[in-house]
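# A structural walkthrough
Residues per chain, in single letters:
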Amino acid sequence: MNLNVYRCDGALLAVDCGIGFGGPEAPEVETMVPDPAWLVERRERLVGLVITHAHEDHLGAVVHLWPFLRCPVYAGPFASAVLRRKLAEAGLHGEVRLSTLPLGGRFSLPPFDLQFLDVAHSVPEAQALAIRTRHGLVLHTGDWKLDPDPLIGPRTDEAAFARLGEEGVLAMVCDSTNALVEGHSGSEGEVRRNLAAIIRGLKGRVAVTCFATNIARIESIARAATAAGRQVALFGRSLRNAEAAARECGYLRDVPPFVPEEEAGYLPDDSLLLICTGSQGEPRSALAKIAADTHPAIALGEGDTVIFSSRMIPGNERAILRLQDDLARRGCRVMTADDHMVHVSGHPARDEMKRLYGLVRPRYAIPVHGEWRHLSEHAALARSCGADPLLVEDGDVVRLAPGRPEVVAGVPTGRLAVDNGRLLPLSGGVLAARKRMLFNGLVVASLAVDREGRVLGEPKVSAPGLFEGEDVEPRQLAAEVARVIGELPSAQRREDEALREAARSVLRRAVGRRLRKRPNVEVHLLRV
Ligand SMILES: [Zn+2]
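Since this is a predicted model, take the numbers as computed values, not measurements.

### Side note on the coordination of the zinc ion
- With distances of 2.1 to 2.3 Å, the protein atoms coordinating the zinc ion are His-53 (NE2), His-55 (ND1), His-121 (NE2) and Asp-143 (OD).
- If you look at the zinc ion, its four donor atoms make angles of 90 to 164 degrees with each other, and the shape they trace is irregular.
- Each donor residue of the zinc ion lies on one chain, and together they are spaced H-x1-H-x65-H-x21-D. On the criterion of sequence distance, the pair formed by His-53 in the loop between strand S5 (46–50) and helix H2 (56–59) and His-121 in the loop between strand S9 (112–118) and strand S10 (127–133) is long-range, its members being 68 residues apart. There is no split in this pair, since His-53 and His-121 are both buried.

Next comes the structure, spelled out in structure tokens:
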């Protein structure tokens, strides 16, 4: 989840605006965005938002946060095409001033003089951003790798990086994702050859799952299918959106139109290949539906093969392994990057990082994009390459110039959960209650009392997530509430809040005794 802000002479420039996923750390949340409160308060000083590439963790939050930021947005052609579709789906098309910039182009958002530089990555047209100000040149790499054969989109423009090195780079803010990985990340070209060899040898239906925006990979899979005499169908909305954006930008020219989902099932098994969403085990994805045998258009089973041409994003392991298990249970053969060379990372391994440091020769290095262990390994690597590293955390304000860079302040940061269009603070009341309910259940009690606080009829208690409807416990709890209320001194019984609190505490204690849980307890009091 990325949202970077650069400041010069009072003006602010935002770079990337991405989403994250809840995962096991925050199971009550599906999608999260950065809390933009600090930036929103200063939005009149925000000269623009520049998007480096079309990955969700770099542009997925624009639709959620732009209504608060309301600044012009700048991106390359493919990222623009992807973002335009998202804005249209969110009903923001026409509102957002989205400018499409040429790849490798130079543009100015005073006081920032900006330049895109081509980098290879697992999405077409990723761009690094050189930020020139009167205080010096800062290179924001975004996500990148060195791939001699990226298949789609330009290679990393090493000559342009070397020219920056000649010009003199004050600081490089650089990708740390694979700072623990020795050697080289490998090439898309190699994956293309391997997929072709594997798919040629398969019988039955074949499904391949990968990231929707990895257009080079989609092209590789489609070519391998054609060479093996198979037609290709895309399964999943994000794949269809990415395909449309890719074709709009002139990619996938040699790939024939894909077979519509609803027609795929009529093709002979050996003549069909599916490309599916769901490589991260997403519950509503096409592959998850196929694994559960609930997909309306297609089924896989004995003799079929599913290839995961992707990596496991940390946090998604359990969901992915469960999906793979479900597919295996249906009789599918599951192939992954663990045992076949069907995926390469889009991020640089250590040899590539050393090469970039050699070209750019920054004075200072700011490792970003990774956990602390990645950042600190990256810092050591930067030092060995002659750069002076500075480790920062979310919310740290780094003064890059004048003087030696240092963390000079902190701004409040946080994460907001996207909850059916609403943005809720992750630590706020609604989500805290939802999380508590997830593990501790909910008890709701309704009771009617007269003016004197005497219980009328029988209180009703229900406890979804704790007891079944027909269990005796809810009735026992209701009786306990009636008894405790009946024993309260009459003065207390005349106060609504005292009655509610007495009911809540008896319910909390009673459930705690029975189930060792601390549920959310709601008491509805009706005084008649
Ligand atoms: Zn990326």
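### Describing the nonpolar core
- Within the largest apolar cluster, 91 residues are counted, with the highest numbers of intra-cluster contacts made by Val-62, Leu-139, Phe-161, Ile-215, Leu-273, Ile-275 and Ile-307.
- Per-element accounting of this core gives the leading share, seven residues, to helix H7 (residues 215–227).
- Setting aside its immediate chain neighbours within four residues, Ile-215 contacts Phe-78, Pro-124, Ile-152, Ala-242, Ala-246, Tyr-251 and Leu-252.

### Here we look at the layout of surface pockets
- Its volume calculated, the second largest pocket comes out at about 160 Å³.
- Taken together, Gly-457, Glu-458, Pro-459, Lys-460, Val-461, Ser-462, Pro-474, Arg-475, Ala-478, Ala-479 and Ala-482 make up the lining of the second largest pocket.
- For the lining of the second largest pocket, the secondary structure elements donating two or more residues are strand S25 (455–462) and helix H15 (473–487).
- Considering each element in turn, the lining of the second largest pocket owes the most residues, six residues, to S25.

### Quick notes on the pairing of S5
- With four of its five residues buried, S5 lies for the most part within the structure.
- Direction of pairing for strand S2 (residues 11–15) relative to S5: parallel, over a ladder of four bridges. If you follow Leu-13 over to S5, its bridge partner there is Gly-48.
- Alignment of S5 against strand S6 (residues 73–75), held across two bridges, turns out to be parallel. Its bridge partner lying in S6, Val-50 is registered against Tyr-74.

### Looking at the pattern of salt bridges
- Scanning all chains against the criterion turns up 36 salt bridges.
- Close ionic contact of Glu-219 with Arg-192 constitutes a salt bridge, the shortest N to O distance being 2.7 Å. Of the two residues, Glu-219 sits in helix H7 while Arg-192 sits in helix H6 (residues 188–200), which places them 27 residues apart along the sequence. For the pair Glu-219 and Arg-192, a shared accessibility class is recorded, and that class is buried.
- When the shortest N-O distance is used, the salt bridge between Arg-240 and Glu-261 registers 2.7 Å. Separated by 21 residues along the polypeptide, Arg-240 in helix H8 (residues 237–248) and Glu-261 in helix H9 (residues 261–264) bring together distant segments of the chain.
- Taken together, the shared-partner salt bridges connect Glu-497, Arg-500, Glu-501, Arg-504 and Arg-508 into one network.

### Overview of the pairing of strand S8 (residues 106–109)
- Burial of the side chains of S8 is restricted to one face: Phe-107 and Leu-109 are buried, whereas none of Arg-106 and Ser-108 on the reverse face is.
- The pairing of S8 with S9 spans four bridges and is antiparallel. Residue pairing in the sheet places Leu-109 in a bridge with Phe-112 of S9.
- Hairpin connection of S8 to S9: two residues between the antiparallel strands.

### Observations regarding unusual backbone geometry
- Each neighbour pair has its own omega, and for Pro-110 with Pro-111 the value is 5 degrees, a cis peptide bond.
- Looking at the secondary structure, you find Pro-111 in the loop between S8 and S9.
- Residues Ala-401 and Pro-402 are joined by a peptide bond in cis, for which omega reads -5 degrees.
- Relative to the assigned elements, Pro-402 resides in the loop between strand S20 (396–399) and strand S21 (406–410).
- A positive phi is found at Leu-252, a non-glycine position, where the angle reads about 60 degrees.
- In this structure, Asp-293 takes a positive phi of about 60 degrees despite not being glycine.

### A word on the packing of H6 against H7
- Interhelical geometry of H6 versus H7 gives an angle of 30 degrees and a closest axis separation of 9 Å. One finds that H6 runs roughly parallel with respect to H7. Between H6 and H7 the crossing geometry is right-handed. Within the contact between the two elements, H6 uses Glu-188, Val-191, Arg-192, Leu-195, Ala-196 and Ile-199 and H7 uses Ala-216, Arg-217, Glu-219, Ser-220, Ile-221, Arg-223, Ala-224 and Ala-225.

### Observations concerning the sheet that holds S10
- If you trace the seven strands from one edge of the open sheet to the other, you get S8-S9-S10-S11-S12-S18-S19, paired in mixed fashion. Each end of this open sheet is capped by a strand with a single partner; those strands are S8 and strand S19 (388–389).
- Where strand S12 (residues 171–175) meets strand S18 (residues 364–368), five bridges bridge the pair, whose relative direction is parallel. Bridging from a neighbouring strand, Asp-175 pairs with Val-368 of S18.
- Running at roughly 145 degrees to S9, helix H5 (residues 158–167) makes contact with S9, S10 and strand S11 (136–140) of the sheet.
- Of the strands in this sheet, S12, S18 and S19 touch helix H13 (residues 372–384), which is tilted by about 160 degrees from S18.

What counts as what
Residues numbered from 1 in each chain as written. Predicted model: local features only at pLDDT ≥ 70, side-chain atom pairs only at ≥ 80, totals over all residues. Heavy atoms only, no water. Donors = N, O, S within 2.8 Å, 3.2 Å for Na, K, Ca; no water. Tetrahedral: all angles 85-135°; square planar, octahedral: opposite > 155°, others 65-115°. Helix = DSSP H or I, 4+ residues; strand = E, 2+ residues; numbered from the N terminus. Buried < 20%, exposed > 50% of the residue type's maximum accessible area, 1.4 Å probe, protein only. Core = buried A, V, L, I, M, F, W, Y, C linked by side-chain atoms within 4.5 Å. Contact = heavy atoms within 4.5 Å. 1 Å grid on protein atoms, 1.4 Å probe; cavity = no way out; pocket = protein on both sides within 12 Å on 5 of 7 lines; lining within 4 Å. Points joined across faces, edges and corners; volume = space filled by probe spheres on them. Pairing = 2+ DSSP bridges. Salt bridge = Lys/Arg side-chain N within 4 Å of Asp/Glu carboxyl O. Axes fitted to C-alpha atoms, helices over the stretch in contact; angles between N-to-C directions. Parallel < 35°, antiparallel > 145°, perpendicular 65-115°, else oblique. Left-handed = near helix turned anticlockwise from the far one by under 90°.

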